[in-house]
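# Topology and contacts: notes
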Amino acid sequence: MEKDEKGFYGIGAVEQRTGLSARQIRYYENLGLIKPERTEGGQRRYTERDVLCLLRIKYLKENGFDLKSIKEKIEEFERELSL
C-alpha cells in the first residue's frame, strides 16, 4: 500500500486497505462522506483520515446502519474532530 511523496494513497491502495471497490469509494465521495484531494490531472488522492472514514462506513453498513444514519454519524464524528 504505497503512499505518494505527499503521504496520499491512490484508489487502488484504498481498495486494498478497506476491502471496498473503487465504485463504492466513489459513491461515498459523491454522497459527501469523504473528500479526497485531486491532482492537477484530476486523480483522487486519499489521506489516512479518508481511509479511516471509509472503514467506519464499511463497519456501520455491515452492522445494519442505513446510509442516512451513516452520514449523520460521520458528520457528527467530523464535528468532534474539529473541536
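This text gives an overview of the structure that appears in the document.

Next up on the list: the pattern of salt bridges. Considering all chains together, one arrives at 4 salt bridges under this definition. Across the salt bridge formed by E29 and R38, the nearest N and O atoms sit 3.4 Å from each other. Across the salt bridge formed by E29 and R44, the nearest N and O atoms sit 2.5 Å from each other. Within this pair, whereas E29 is found in helix 2 (residues 22-30), its partner R44 is found in strand 2 (residues 44-45), the two being separated by 15 residues in sequence. Given a relative accessible area of 16%, E29 falls into the buried group. Via salt bridges that share partners, E29, R38 and R44 belong to a single interconnected network.

It is at 9 Å that the axes of helix 1 (residues 11-18) and helix 2 come closest, and there the two elements cross at 100°. Between helix 1 and helix 2, the crossing angle belongs to the class labelled roughly perpendicular. Judged by residue contacts, I11, V14, E15 and T18 of helix 1 engage A22, I25 and R26 from helix 2. Taken together, the residues of the contact of helix 1 with helix 2 break down into 4 nonpolar, 1 polar and 2 charged.

Attention shifts here to the layout of surface pockets. Each pocket or cavity is described by its volume, and for the largest pocket that value is around 230 Å³. In terms of lining residues, the largest pocket is bounded by 13 residues, among which L33, I34, K35, D50 and E78 are the most central. Elements with a minimum of two residues in the lining of the largest pocket: helix 3 (48-62) and helix 4 (67-82). For the lining of the largest pocket, the leading source of residues is helix 4, giving 4 residues.

V14, I25, L54 and I57 are the most contacted members of the largest nonpolar core, which totals 16 residues. Within the residue set of this core, elements represented by two or more residues are helix 1, helix 2, helix 3 and helix 4. The greatest single-element share of this core, amounting to 5 residues, is contributed by helix 3. V14 has contacts with Y9, G19, I25, Y46, V51 and L54, leaving out every residue within four places of it along the chain.

The rules behind the values
Residues numbered from 1 in each chain as written. Predicted model: local features only at pLDDT ≥ 70, side-chain atom pairs only at ≥ 80, totals over all residues. Heavy atoms only, no water. Salt bridge = Lys/Arg side-chain N within 4 Å of Asp/Glu carboxyl O. Helix = DSSP H or I, 4+ residues; strand = E, 2+ residues; numbered from the N terminus. Buried < 20%, exposed > 50% of the residue type's maximum accessible area, 1.4 Å probe, protein only. Axes fitted to C-alpha atoms, helices over the stretch in contact; angles between N-to-C directions. Parallel < 35°, antiparallel > 145°, perpendicular 65-115°, else oblique. Contact = heavy atoms within 4.5 Å. Nonpolar A, V, L, I, M, F, W, Y, C, P; charged D, E, K, R; others polar. 1 Å grid on protein atoms, 1.4 Å probe; cavity = no way out; pocket = protein on both sides within 12 Å on 5 of 7 lines; lining within 4 Å. Points joined across faces, edges and corners; volume = space filled by probe spheres on them. Core = buried A, V, L, I, M, F, W, Y, C linked by side-chain atoms within 4.5 Å.

In short, geometric facts, not functional conclusions.
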